[in-house]
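Take a look at the letters that make up each chain.
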2 protein chains.
Amino acid sequence: MSDSTLRLLMPQWQGGNNAVYHFGAQLLAWLAPEHHGITENVPIPPPENILHDDTLVVESGLVARNALLEQINSAKHIIQRHQPKRIVTLGGDCLVSLAPFSYLNQRYDGDVAVLWIDAHPDLNIPQHFSHGHAMVLGNLLGEGDPDFVKQVVLPFQADRLLYAGFSGGEPYEIEVMKRLHLPSISAEELAHSTDGLLNWFKNTGAKHLVVHLDLDALDPHWFRSLLFARPVAEGETALPGIPHGKLRIETLVSMLEDIANISDVVGITIAEHTPWDAIALKQMLARLPLMQ
Amino acid sequence: MSDSTLRLLMPQWQGGNNAVYHFGAQLLAWLAPEHHGITENVPIPPPENILHDDTLVVESGLVARNALLEQINSAKHIIQRHQPKRIVTLGGDCLVSLAPFSYLNQRYDGDVAVLWIDAHPDLNIPQHFSHGHAMVLGNLLGEGDPDFVKQVVLPFQADRLLYAGFSGGEPYEIEVMKRLHLPSISAEELAHSTDGLLNWFKNTGAKHLVVHLDLDALDPHWFRSLLFARPVAEGETALPGIPHGKLRIETLVSMLEDIANISDVVGITIAEHTPWDAIALKQMLARLPLMQ
């Protein structure tokens, strides 16, 4: 059993049915500090091209259901082989947290709190939405689609979860949030102070912490490699009607530095990186004279 | 003498006194298609950190004059060692074109036209501006600072140059443009048709072509890894008063595809990549729990 941190590269894009997450994962891994422990790649079939893939189909309400389940299983097998104490997961879409977080909660006998940094609740179900990345937190709480819920041997306790930077969700998700009494702390409050965050963790009674960071919790005015910040014509909006994130990177770093001082962080996921400029530049370079 | 294309990685940032160009060059090189010929790195002292370096000083009117001349010399020696037929230069700031373009014009006995894709004329002199990257085209035409002009054994002919996507320059530069009768073709015209560009090349009588692409010729609304698109507070402007580029990437690719059909492209430079999001993400990742 290894004492080291496993770094899991999981360029899953099928959960958002968006090819861009695949390249976003490659760039994210390139930008991450060098890792001195074990790094593993979860095998993920790449999209048809860097920006688009129209080949996936809905399977019992969910796009690429079987591929997603296979990918979760691959991740589980890799994790089981190493049995790490800690896991850093570089996605990919938000569903990449399912296998590592599920393993970690089981490993620490449920003594794990969850900080879910995300503009959205990720509590959806196939009856309302066909993209798996929007249901991952529900599954980790034992809610939603049975195929995915059964991947989580020991679900997380709802009273050990906090949303940070939450901006809004679909009606079904809001119902679940109310039913489970899931609390959230706003980007505005966090920018002012991390006290509420630290008090929440102390009150959970948990020793360990996992952190899910959907980059879409960031304010797209300041960080633009997000779905919300896809360049569109003047007057248009990339994702009309969907609330975007409001966190600043400085706030995010302070939050995680502060909470790491009072918790044992055993898992962290970074997900949903959509680097529009890097994609445009890569595609441009491939078409220039002398570059082929 | 090699038949192949030399790829020259030159993360020079001292010419713009801007640390960001150094990392921009690393990412540009990572995004470029795999090169099957020779790749060389010009040794460039890195900045103090990824975003800032305040250590450079003005030497006879020019920031880091001696370092820039050393770097040009390093590039020249590398090029001389390989004597390539063609050179792709990945910058770095715009001054990176000096050594490769100078070599290429000499190699082809002056039978080389210059397509300078840039929002700005790059004709400045230390008396008016202390950053070397703003004077490189002047030097290639035999104009400006003697230390730099003498690096160019055979200057380019002014009547074989075309600006593309030019948006505006300083008064001194506009004077030089008028004195040398340097023509330009606008982003708007190029978006409509590349005929003017092709006619210009045919009229030069040249067989060979070098292409300098300062990414700042691109419209910062659509491509944001540019100085002009640095994220700033609402209502502020990253570079107030300096005209920004207006080209779209699709236009740029069409231009270069079309002109490559009627010319022998022997040199291309890509310069001034400032990937704000990638820098922010890299800095953030380095500070997260489990990533150190």
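Residues numbered from 1 in each chain as written. Chains lettered and ligands numbered in written order. Predicted model: local features only at pLDDT ≥ 70, side-chain atom pairs only at ≥ 80, totals over all residues. Heavy atoms only, no water.

**Quick look at the pattern of salt bridges**
To keep things clear, this is the line we draw: Salt bridge, as applied in this entry: a Lys or Arg side-chain nitrogen positioned within 4 Å of an Asp or Glu carboxyl oxygen. Strands are runs of DSSP state E lasting at least two residues, helices are runs of H or I lasting at least four, and both sets are numbered from the N terminus onward. Relative accessibility thresholds used throughout: buried, under 20% of the residue-type maximum; exposed, over 50%; partly exposed, between the two (1.4 Å probe, protein chains only).
Applying the stated criterion across every chain yields a total of 16 salt bridges over all chains. We note a salt bridge from Asp 145 of chain A to Arg 65 of chain A, for which the minimum N-O separation is 2.8 Å. With a gap of 80 residues between them, Asp 145 of chain A in the loop between helix 4 (136–140) and helix 5 (146–149) and Arg 65 of chain A in helix 2 (residues 65–82) connect regions that are remote in the sequence. Between Arg 65 of chain B and Asp 147 of chain B there is a salt bridge, with its nearest N and O atoms 2.9 Å apart. Within this pair, whereas Arg 65 of chain B is found in helix 2 (residues 65–82), its partner Asp 147 of chain B is found in helix 5 (residues 146–149), the two being separated by 82 residues in sequence. Residue Arg 65 of chain B is classed as buried on the basis of its relative accessible area, which comes to 6%. The network of salt bridges with common partners includes Arg 65, Asp 145 and Asp 147 of chain A.

**Quick notes on unusual backbone geometry**
All names here are of chain A. The step from Gly 91 to Gly 92 runs through a cis peptide bond, and the omega angle for that step is 10°. In this model, His 181 sits at a positive phi of 55°, which is unusual for a non-glycine residue. Its place among the elements puts His 181 in the loop between helix 6 (171–179) and strand 8 (184–185). The backbone of Glu 272 shows a phi angle near 70°, a positive value even though the residue is not glycine. Structurally, the position occupied by Glu 272 is in the loop between strand 10 (264–271) and helix 10 (276–285).

**A few points about the pairing of strand 1 (residues 5–10) of chain B**
All names here are of chain B. Rules: In this analysis, strands are considered paired if DSSP registers two or more bridges between them.
Of all 6 residues that make up strand 1, 6 are buried, and the element is covered over most of its length. Of the two faces of strand 1, the one holding Thr 5, Arg 7 and Leu 9 and the one holding Leu 6, Leu 8 and Met 10 are both buried throughout. As paired strands, strand 1 and strand 5 (residues 86–91) are joined by 6 bridges and run parallel to one another. Bridged to Met 10 within strand 5 is Gly 91. Here strand 1 pairs with strand 2 (residues 39–41) via 3 bridges, running parallel. Note that in strand 2 the partner of Leu 8 across the bridge is Glu 40.

**Overview of the relation of the copies chain A and chain B**
Quick reminder of the rule: Overlaid copies result from least-squares superposition on C-alpha atoms, with residues included only where pLDDT is at least 70 in both. Every residue pair with non-hydrogen atoms within 4.5 Å of one another is taken to be in contact.
Overlaying chain A on chain B yields an RMSD of 0.0 Å, the required transformation being a rotation through 180° with an accompanying axial translation of 0.0 Å. Given the turn and translation reported, the copies of this chain are related as if by a two-fold rotation axis. Mapped onto chain B, 100% of the interface residues of chain A are again interface residues, and the two copies thus contact each other with one and the same surface.

**Some points on the nonpolar core**
The condition is simple: Among buried residues, those of type Ala, Val, Leu, Ile, Met, Phe, Trp, Tyr and Cys that are joined through side-chain atoms within 4.5 Å constitute a nonpolar core.
Formed by 102 residues in total, the largest nonpolar core has its most connected members in Leu 115 and Ile 117 of chain A together with Leu 115 and Ile 117 of chain B. If you look at the next biggest cluster of nonpolar residues, it comprises 47 residues, including Cys 94, Val 114, Trp 116 and Ala 271 of chain B.

**Re the interface of chain A and chain B**
How big an interface is tends to be stated in terms of accessible area lost as the parts join. The following threshold applies: Summed over both partners, the accessible area lost on bringing two parts together, with a 1.4 Å probe, is the buried area. The definition of a polar contact used here is a pair of N or O atoms within 3.5 Å, where within protein one atom must be able to donate a hydrogen and the other to accept one, and adjacent residues in sequence count solely through side-chain atom pairs.
Contacts between the two partners involve 53 residues from chain A and, on the opposite side, 53 residues from chain B. Between chain A and chain B, roughly 4,600 Å² of surface is buried when both sides are summed, and carbon and sulfur atoms account for 73% of that area. Taken as a group, Trp 30, Arg 224 and Leu 290 of chain A account for 16% of the area that chain A buries against chain B, more than any other trio of residues on that side. At the junction of chain A with chain B, the criterion picks out 2 salt bridges. At the junction of chain A with chain B, the criterion picks out 10 residue pairs in polar contact (both at pLDDT 80 or more). For the side of chain A that touches chain B, the elements supplying multiple residues, two or more each, are strand 1 (5–10), helix 1 (20–31), strand 5 (86–91), helix 9 (249–260), strand 10 and helix 10 of chain A. Considering each element in turn, the side of chain A that touches chain B owes the most residues, 8 residues, to helix 10 of chain A.

**A word on the sheet that holds strand 6 (residues 112–117) of chain B**
Strand-to-strand pairing in sheets goes through backbone hydrogen bonds, with the strands running parallel or antiparallel. All names here are of chain B. How we decide: Lines fitted to the C-alpha atoms define the axes, with helices restricted to the stretch that makes contact. Angles between their N-to-C directions range from 0 to 180 degrees.
With respect to topology, 8 strands assemble into an open sheet ordered 2-1-5-10-9-6-7-8, the strand pairing being parallel. In the strand order of this sheet, the two ends are held by strand 2 and strand 8 (184–185), each with one partner. Where strand 5 meets strand 10 (residues 264–271), 4 bridges bridge the pair, whose relative direction is parallel. Bridging across to strand 10, Leu 90 finds its partner in Ile 270. Running over the sheet, helix 1 (residues 20–31) touches strand 1, strand 5 and strand 10 and is turned about 130° from strand 5.

**What to know about helix 8 (residues 195–204) of chain A**
Residues and elements named next belong to chain A. The following threshold applies: It is the directions from the helix axis to the C-beta atoms whose arc is reported.
Among all positions in helix 8, only Leu 197, Leu 198, Trp 200, Phe 201 and Thr 204 are buried. Taken around the axis of helix 8, the buried residues stretch over an arc of 155°, which confines them to a single face. With respect to the buried face of helix 8, the exposed residues turned more than 90 degrees away are Lys 202 and Asn 203. Residues of helix 8 that are buried in the fold lie against strand 6 (112–117), strand 7 (161–164), strand 8, helix 7 (187–192), strand 9 (208–214) and helix 9. Just beyond helix 8, the residue with positive phi is Gly 205, at close to 80°.

**Digging into the packing of aromatic side chains**
When we look at a pair of aromatic rings, we describe it by the centre distance and by the angle of the planes. Stated precisely, the cut-off is as follows: The criterion for an aromatic pair is that two Phe, Tyr or Trp rings (for Trp, the six-membered ring) have centres within 6.5 Å, with stacked assigned to planes under 30 degrees apart, edge-to-face to planes over 60 apart and tilted to the rest. The rule is short: NZ of Lys or CZ of Arg within 6 Å of the ring centre and within 35 degrees of the ring normal puts a charge over the ring.
Applying the stated criterion across every chain, the model contains 9 aromatic pairs over all chains. Ring geometry for Trp 200 of chain A against Phe 201 of chain A: centres 6.1 Å apart, planes inclined by 65°, an arrangement best described as edge-to-face. Each member of the pair, Trp 200 of chain A together with Phe 201 of chain A, is buried. Taking 5.6 Å as the distance between ring centres and 40° as the angle between the ring planes, the aromatic pair formed by Tyr 163 of chain B and Phe 166 of chain B counts as tilted. By relative accessible area, which is 21% here, Phe 166 of chain B ends up partly exposed. Taken together through their ring pairs, the aromatic side chains of Phe 23 and Trp 30 of chain A together with Phe 23 and Trp 30 of chain B make up a single cluster. The ring centre of Trp 222 of chain A lies 3.8 Å from the NZ or CZ of Arg 248 of chain A, which sits over that ring.

**A few points about helix 10 (residues 276–286) of chain B**
Listed in full, the buried residues belonging to helix 10 of chain B are Trp 276, Asp 277, Ala 278, Ile 279, Leu 281, Met 284 and Leu 285 of chain B. Elements that come into contact with the buried residues of helix 10 of chain B comprise helix 1, strand 9, helix 9 and strand 10 of chain A together with helix 1 of chain B.

**Let's talk about the side chain of Ser 263 of chain A**
Residues and elements named next belong to chain A. Along the polypeptide, Ser 263 turns up in the loop between helix 9 and strand 10. Judged by its relative accessible area of 13%, Ser 263 falls in the buried class. A distance of 2.7 Å separates a polar atom in the side chain of Ser 263 from the backbone oxygen of Ile 259. Those residues in contact with Ser 263 that lie beyond four places of it in its chain are Phe 201, Lys 207 and Leu 209.

What is shown is where atoms sit, not what they do.
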